[in-house]
Amino acid sequence: MKNVLHKRQVLEDVVKEALGRLSEDKLVEVFDFVGYLLAREKREEKAEELELDPKKDPILKYIGGVSVEPFAHKIDEILYGEED
């Protein structure tokens, strides 16, 4: 763990040094890109939270429970009208 923290600190230091050499226009681009990365990370975290898992959501175990007779009998016809 200590090695990981050290590696992160070194990387942050190198990035900070490189940022100091960039023009203001390039810093704006970096800022925009960092914002994009943070937003993407947040979306990915939300997507993980929304993953469907029957172990966590018992209603998911029931999906398909009405696909057998008599529940599904002519359901398409009832919902969408007569078939051609």
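Each chain has its residues counted from 1, running along the sequence as written. Only residues with pLDDT of at least 70 get local features here, since the model is predicted, and only at 80 or more are side-chain atom pairs given and counted; chain-wide, interface and lining totals rely on the full set of residues. Note that the side-chain values use all heavy atoms of the structure and ignore hydrogens as well as water.

## Remarks on the overall build of the protein
Note the following rule: Comment: elements are numbered from the N terminus, with helices defined as DSSP H or I runs of at least four residues and strands as E runs of at least two.
Broken down by element type, the protein carries three helices and zero strands. Element order for the protein, N to C, with α for helix and β for strand: α-α-α.

## Things to note about a nonpolar patch on the surface
For clarity, the threshold we go by: Within the patch definition used here, like charges are joined within 9 Å and nonpolar side chains (Val, Leu, Ile, Met, Phe, Trp, Tyr) within 5 Å, considering only residues with over 30% relative accessible area and no salt bridge. Here the Shrake-Rupley method, with its probe set to 1.4 Å, supplies the accessible areas, and only the displayed protein chains count as covering residues. Whenever a carboxyl oxygen of Asp or Glu lies within 4 Å of a side-chain nitrogen of Lys or Arg, that contact is scored as a salt bridge.
Together, F33, Y36 and L37 make up a nonpolar patch on the protein surface, roughly 280 Å² of accessible area in all. Mapped onto the fold, L37 is located in helix α2 (residues 24–49).

## Describing the confidence of the model for the protein
A low pLDDT means the predicted coordinates there should not be read in detail. For clarity, the threshold we go by: Per-residue confidence from the predictor is reported as pLDDT, which spans 0 to 100.
Mean pLDDT over the protein works out to 84, with 86% of the residues at or above the 70 mark. Confidence, read as mean pLDDT per element, is least for helix α3 (residues 75–80) in the protein (78) and greatest for helix α1 (residues 2–20) (93).

## Let's talk about α1
In plain terms, the rule: Expected helix span is computed as 1.5 Å times (number of residues minus one). Think of it in three bands: with a 1.4 Å probe and only protein chains considered, a residue is buried below 20% of the maximum accessible area for its type, exposed above 50%, and partly exposed in between.
Given a rise of 1.5 Å per residue, 19 residues ought to cover 27 Å, and the 27 Å separating the end C-alpha atoms of α1 matches this to within 8%. Counting buried residues along α1, only zero of its 19 residues qualify, which leaves the element largely exposed.

## As for the pattern of salt bridges
As a working rule, side chains carrying opposite charge can pair if their charged atoms are close by. Inspection of every chain in the model, using the stated rule, returns four salt bridges. A salt bridge links E12 to R8, with the shortest nitrogen-to-oxygen separation between them at 2.9 Å. You can see E12 and its partner R8 sitting in helix α1, four residues apart, about one turn around the helix. What makes E12 partly exposed here is its relative accessible area of 29%. In this structure, R21 engages E17 in a salt bridge whose closest nitrogen and oxygen atoms are separated by 3.3 Å. Overall, R21 belongs to the exposed group, its relative accessible area being 61%.

## Quick word on a negative patch on the surface
The condition that has to hold: Residues counted as positive are Lys and Arg, residues counted as negative are Asp and Glu, and His and the chain ends are not counted. Lys charges are placed at NZ, Arg charges at CZ, Asp charges at CG and Glu charges at CD.
On the surface, E41, E45, E48, E49 and E51 cluster together into a negatively charged patch. Relative to the elements of secondary structure, E45 occurs in helix α2.

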